Amino acid sequence: MSDSPLPEILPHGADGILLRLGLSARESTVAAVQILRAAMEDACPHGVEEIASSLTSVYLRFDPARTTRAEVCATAQSIARGVDLSATTLPAPRRRWTIPVVLGGEHGPQFDEMVRATGHSDQRAREVLRSTRLRVLAIGFAPGLPYMGLLPEAWDVPRLRDVTPKVPACALVAAVRQLIIFTNPTPTGWRHIGQTAFHGFQVGRDPATALSAGDEIRLEQMTPADLHGLRTDNPDGLGGARCEVLS
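Quantities reported herein were computed from a predicted structural model and do not represent experimental measurements. (Residues numbered from 1 in each chain as written. Predicted model: local features only at pLDDT ≥ 70, side-chain atom pairs only at ≥ 80, totals over all residues. Heavy atoms only, no water.)

### Observations concerning the packing of helix 3 (residues 111-118) against helix 4 (residues 122-131)
Phase 1: Running from N to C, helix 3 and helix 4 cross one another at 95°; their axes reach a closest spacing of 10 Å. Put simply, helix 3 runs roughly perpendicular to helix 4. Contacts between helix 3 and helix 4 pair Phe 111, Asp 112 and Val 115 from the former with Asp 122, Ala 125, Arg 126 and Leu 129 from the latter.
Phase 2: Residue composition of the contact of helix 3 with helix 4, grouped by class: four nonpolar, no polar and three charged. (Axes fitted to C-alpha atoms, helices over the stretch in contact; angles between N-to-C directions. Helix = DSSP H or I, 4+ residues; strand = E, 2+ residues; numbered from the N terminus. Parallel < 35°, antiparallel > 145°, perpendicular 65-115°, else oblique. Contact = heavy atoms within 4.5 Å. Nonpolar A, V, L, I, M, F, W, Y, C, P; charged D, E, K, R; others polar.)

Below, the structure written as structure tokens:
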């Protein structure tokens, strides 16, 4: 049994509850969310039809014809008591993705600006992006869109004051110690630092959404010529990404 603080349980609509573990995406909060989400998925609470995580909370959607909010709340609290939410490390990933990316240049026009904001050299910034073992913290904003993190503290760079009118699909963007790979052309306040051929969501693909919360992400640098080749021949929409099942 764990004596770590329990999540705050809040109602969320007619058929959901929110298990809130913090108000900001600190390392400890991110770790607790990942641990609790994995525990909920392993337990498969009766009547719960959907489990999703944000940066600071876990959401459970239940079927009111099969269970009650009170029952789901009690079960969720029991599961939370059985895990250590004070752990400072993330649970082991179940899948590891390696995603090729072009950094900087015409495919990452705000990469140099981001590098200056971190205080790194160009070479060091590239090393950090390649070596950091990122995790998918949440899928949201748009279908299949991953929020990935956390990067080291030097990358805690605020969003831009002005919105970039549009970055292309598969753009790699950065802000507040996180990375996103956009699934569609999108306006954004995050800095456009690179480009992939990885489509996180593609209608007709099975599954349509490639990534899941908790997946480990490793970025692998490629050349603009490599990117062109992947765009030309990309039948599965994964842009050369490779997935290794770990458990």
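The discussion continues.
### Looking at the side chain of Gln 178
Phase 1: By the secondary structure assignment, Gln 178 is in strand 10 (residues 178-181).
Phase 2: Judged by relative accessible area, Gln 178 falls into the buried class, the value being 5%.
Phase 3: If near-sequence neighbours (up to four positions away) are discounted, Gln 178 is found in contact with Leu 55, Tyr 147, Met 148, Leu 150, Leu 151, Val 173 and Trp 190. (Buried < 20%, exposed > 50% of the residue type's maximum accessible area, 1.4 Å probe, protein only.)

### A look at the environment of Ala 87
Phase 1: Considering the arrangement of structural elements, one finds Ala 87 in the loop between helix 2 (69-81) and strand 5 (95-103).
Phase 2: Apart from residues lying up to four places away in sequence, Ala 87 is in contact with Ala 31 and Ile 35.

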